[in-house]
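# Structural overview
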Amino acid sequence: MEVKLVSYGIVRDILKEKELTYAVQGQTIGDLKTDLMSTFPELKRLKSLRFAVNQEYVDDTQSINDTDEIILIPPVSGG
Amino acid sequence: MEVKLVSYGIVRDILKEKELTYAVQGQTIGDLKTDLMSTFPELKRLKSLRFAVNQEYVDDTQSINDTDEIILIPPVSGG
Amino acid sequence: MIDIQILNTPLSISDCTNAVKDPSTGGTAVFVGTVRNQTQGKTVTKLEFESFDAMAIKEMTKIAETITEKWGAFHVSMHHRKGTLLIEEIAVIIAVSTPHRKAAFEACEYAIDTLKETVPIWKKEFFEDGAVWVAAHP
Amino acid sequence: MIDIQILNTPLSISDCTNAVKDPSTGGTAVFVGTVRNQTQGKTVTKLEFESFDAMAIKEMTKIAETITEKWGAFHVSMHHRKGTLLIEEIAVIIAVSTPHRKAAFEACEYAIDTLKETVPIWKKEFFEDGAVWVAAHP
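Report on the accompanying structure. Computed from a predicted structure; not experimentally measured. (Residues numbered from 1 in each chain as written. Chains lettered and ligands numbered in written order. Predicted model: local features only at pLDDT ≥ 70, side-chain atom pairs only at ≥ 80, totals over all residues. Heavy atoms only, no water.)

## Side note on the overall build of chain C
Defined as follows: For helices the rule is a DSSP run of H or I covering at least 4 residues; for strands it is a run of E covering at least 2, with both sets numbered from the N terminus onward. Each radius of gyration is computed over the set of C-alpha atoms, and the globule rule expresses the reference value as 2.2 Å times the number of residues to the power 0.38.
Tallying secondary structure elements over chain C gives three helices and nine strands in all. Starting at the N terminus and ending at the C terminus, chain C contains elements arranged as β-α-β-β-β-α-β-β-β-α-β-β. Taking 138 residues into account, the globule formula puts the C-alpha radius of gyration at 14 Å, and chain C, at 15 Å, falls close to it. If you line up chain C on its principal axes, its C-alpha atoms span 50 × 25 × 25 Å.

## Observations concerning the environment of A:M1
All names here are of chain A. This is how it is decided: Throughout, exposure labels follow a simple rule: accessible area from a 1.4 Å probe, protein chains only, divided by the maximum for the residue type, with under 20% read as buried, over 50% as exposed, and the rest as partly exposed. Any two residues having at least one pair of non-hydrogen atoms within 4.5 Å are treated as being in contact.
Along the chain, the position of M1 falls in the segment before β1 (2–7). Taking the relative accessible area as the measure of exposure, M1 reaches 33% and is therefore partly exposed. Separated by 57 residues in the primary sequence, M1 and V58 have C-alpha atoms spaced 19 Å apart. Filtering out sequence-adjacent residues up to four positions away, M1 remains in contact with Y22, A23, V24, G26, Q27, I64, N65 and D66.

## Examining helix α2 (residues 53–70) of chain D
Residues and elements named next belong to chain D. Formally: In this scheme, a helix's expected span is set at 1.5 Å multiplied by one less than its residue total.
Helix length check: α2 (18 residues) gives 25 Å between terminal C-alpha atoms against 26 Å at 1.5 Å per residue, within 8%. Residues of α2 that are buried include every one of M55, A56, E59, M60, I63, A64 and I67, and no others. Note on α2: the residue one or two positions beyond its end, G72, has a positive phi of about 60°.

## Here's the deal with the state of the cysteines
As a reminder of what qualifies: When two cysteine sulfur atoms are found within 2.5 Å, that pair is recorded as a disulfide.
Considering all chains together, one arrives at zero disulfides over all chains under this definition. Between C:C16, a cysteine without a disulfide, and C:C108, which holds the nearest cysteine sulfur, the sulfur-to-sulfur distance is 10 Å. On the accessibility criterion, C:C16 (0% relative accessible area) is buried. Summary of cysteine pairing: D:C108 is not part of a disulfide, and the nearest cysteine sulfur, belonging to C:C108, is at 9.4 Å.

## Topic: the relation of the copies chain C and chain D
For clarity, the cut-off: Only residues with pLDDT of at least 70 in both copies count here: their C-alpha atoms drive the least-squares fit that superposes the copies.
When chain C is brought onto chain D, the operation consists of a screw motion whose angular component is 180° and whose axial shift is 0.0 Å, with 0.0 Å RMSD remaining. Viewed as a symmetry operation, the transformation between the two copies matches a two-fold axis. Across chain C, the smallest distance between a C-alpha and the rotation axis is recorded for C:V30, namely 2.4 Å.

## Brief notes about the sheet that holds strand β3 (residues 50–53) of chain A
Residues and elements named next belong to chain A. Quick note on the threshold: Strand pairing is assigned whenever DSSP detects at least two bridges linking the two strands. Here an axis means a line fitted to C-alpha atoms, over the contact stretch when the element is a helix, while the angle between two N-to-C directions is reported on a 0 to 180 degree scale.
Spatially, the five strands line up as an open sheet ordered β2-β1-β5-β3-β4, and their pairing is mixed. Among the strands making up the open sheet, the edge pair consists of β2 (19–23) and β4 (56–58). Direction aside, neighbouring strands of the sheet carry axes that sit 40° apart on average.

## Quick notes on the packing of α2(D) against helix α3 (residues 101–118) of chain D
Residues and elements named next belong to chain D. Note the cut-off: Put simply, angles under 35 degrees are roughly parallel, angles over 145 are roughly antiparallel, angles from 65 to 115 are roughly perpendicular, and the rest are oblique. Crossings are assigned a handedness: left-handed for a near helix turned anticlockwise from the far helix by less than a right angle, right-handed for a clockwise turn. Side-chain classes are defined by residue name, with Ala, Val, Leu, Ile, Met, Phe, Trp, Tyr, Cys and Pro counting as nonpolar, Asp, Glu, Lys and Arg as charged, and the others, Gly among them, as polar.
Where α2 contacts α3, the axes come no closer than 10 Å and their chain directions differ by 155°. Judged by the inter-axis angle, α2 sits roughly antiparallel to α3. As for how α2 packs across α3, the hand of that crossing is right-handed. Between α2, through E59, M60, I63, T66 and I67, and α3, the contact on the second element is made entirely by A107, Y110, A111, T114, L115 and T118. Of the residues belonging to the contact of α2 with α3, the class tally is seven nonpolar, three polar and one charged.

## Focus: the environment of C:T9
With respect to the helices, strands and loops of the structure, C:T9 is situated in the loop between β1 (2–7) and α1 (13–19). Given the relative accessible area of 41%, C:T9 is considered partly exposed.

## Digging into the interface of chain C and chain D
We apply this condition: Put simply, buried area is the surface a 1.4 Å probe can reach on two separate parts but cannot reach once they are joined, added for both. Should a side-chain nitrogen of Lys or Arg be within 4 Å of a carboxyl oxygen of Asp or Glu, the pair is scored as a salt bridge. Identification of polar contacts relies on pairs of N or O atoms within 3.5 Å, with a donor-acceptor requirement for protein atoms, meaning one able to donate a hydrogen and the other able to accept it, and with residues adjacent in sequence counted only if both atoms are side-chain atoms.
Counting residues at the interface gives 29 residues for chain C, matched by 29 residues for chain D. Note on chain C versus chain D: buried area summed over both sides is about 2,700 Å², and carbon and sulfur give 54% of it. Among the residues of chain C in contact with chain D, C:P23, C:R101 and C:F105 are the three that bury the most area, contributing 25% of the side total. At the junction of chain C with chain D, the criterion picks out four salt bridges. The closest approach of N and O atoms between D:E109 and C:K102, which form a salt bridge, is 3.0 Å. Along the contact surface separating chain C from chain D lie nine residue pairs in polar contact (both at pLDDT 80 or more). Taken together, the elements giving at least two residues each to the side of chain C that touches chain D come down to α1, β2 (27–34) and α3 (101–118) of chain C. Broken down by element, the residue count for the side of chain C that touches chain D peaks at eight residues, all from α3(C). Residue composition of the side of chain C that touches chain D, by class: twelve nonpolar, eight polar and nine charged. As paired strands, β2(C) and strand β2 (residues 27–34) of chain D are joined by five bridges and run antiparallel to one another.

## Re the side chain of C:S51
With respect to the helices, strands and loops of the structure, C:S51 is situated in strand β4 (residues 42–51). Among the polar contacts made by the side chain of C:S51, one reaches the side chain of C:D53 at a distance of 2.6 Å. Contacts of C:S51, omitting those with residues within four sequence positions, involve A:Y8, C:I6, C:A56, C:K82, C:P120, C:I121 and C:W122.

## Some remarks on the packing of aromatic side chains
Put simply, the test is: In this analysis, rings of Phe, Tyr and Trp, with Trp reduced to its six-membered ring, are considered paired at centre separations within 6.5 Å, and the interplanar angle assigns stacked below 30 degrees, edge-to-face beyond 60, and tilted for intermediate values.
As enumerated under the stated definition, the model contains eight aromatic pairs over all chains in all. Note on A:Y8 and C:F52: the rings are 5.1 Å apart at their centroids and 20° apart in plane angle, and the pair reads as stacked. In this pair, A:Y8 sits in the loop between β1 and α1 (9–15) while C:F52 sits in the loop between β4 and α2 (53–70), so the two residues belong to two different chains. Of the residues examined, A:Y8 reaches a relative accessible area of 8% and is grouped as buried. Measuring from ring centre to ring centre gives 5.3 Å for D:W71 and D:Y110, while their planes differ by 45°; the resulting arrangement is tilted.

This is the structure in structure tokens:
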């Protein structure tokens, strides 16, 4: 299925684009994470990579819908 | 010996005067305290009564000199 | 009252302290975070904050609500800057007014600690010879 | 830098935060104490602070020096009001900048706690039907 990814900070630098349509094999956020790490190996070097849907953090077991806009969240550093 | 007392807050209200020359029998701050409590019984009702000489707190064992200006310090309540 | 803002203009401490004023407060604690001139010995020339605004506001609001429930805060004000900041400019202000002052300190410290863990805002530090996204790598 | 003042005019939070500005600080914690509108259910109309200025400055300076030594504070600013204050007016401001933010909170809390125990300043609260020296009696 194809999902829309939106990325911030260093993830945007790694993906080269703020918004990206991406073909994912599996059904969950965990599957998406595995795919992304393989497509963009630099992501493996990050301290963490979290995901958000509807402005809420989601965990690896969360199912993906093809209408989801999935936000990629590298380690935050506000404050 | 006669000492000069300077009082603040509720102690000034009790002694009726900000500055007072007072005849003390003993030699220490503790003696002065005992005398004052007897002259001004209302002082006994205070939560505490501390003394300062040269802008420093002194304890009951401190000797008094007749040149001392002794400050009477009721419970503080700044802040 | 909860006052959460992400601004691309200089932050004002008095805006935050005024927002948490309360005639029955026992104390207001404020945290002010400013841009440091160096990181691990390297001179910082400027920094940039990028924010996922909608979610950042949502996460900051959660922090403010937790404070209100757990510490009985009357009011919480959290302002975060975004865009380009120079040395000594204010990056974040958190002000909390509570019935008792001890709670104000605890709540304010909880707020800044949690903000640094959960709020989707990213800091890029610029040096003479390059730039890094702060805390991105282990 | 240590900035200690006892003033009979309204206090300014920005005066205190400006006094502790430092390009290498990791954080500034501020405490703001204001006049409450009630004490144990009784409406306060105003209050008066009386200060033994010379010794109050000396005791506040001791607090600031302790903070500098124990928490490595860069700068400490403590302003205390005296004279007549109305509801919501600021009675005291304490600002502390430190290398690490946790120390700023601890130091600022230590400062206000200790000020309330050692600094010779006295508060008289006025009600509709009289006035009391705060904390004078057990």
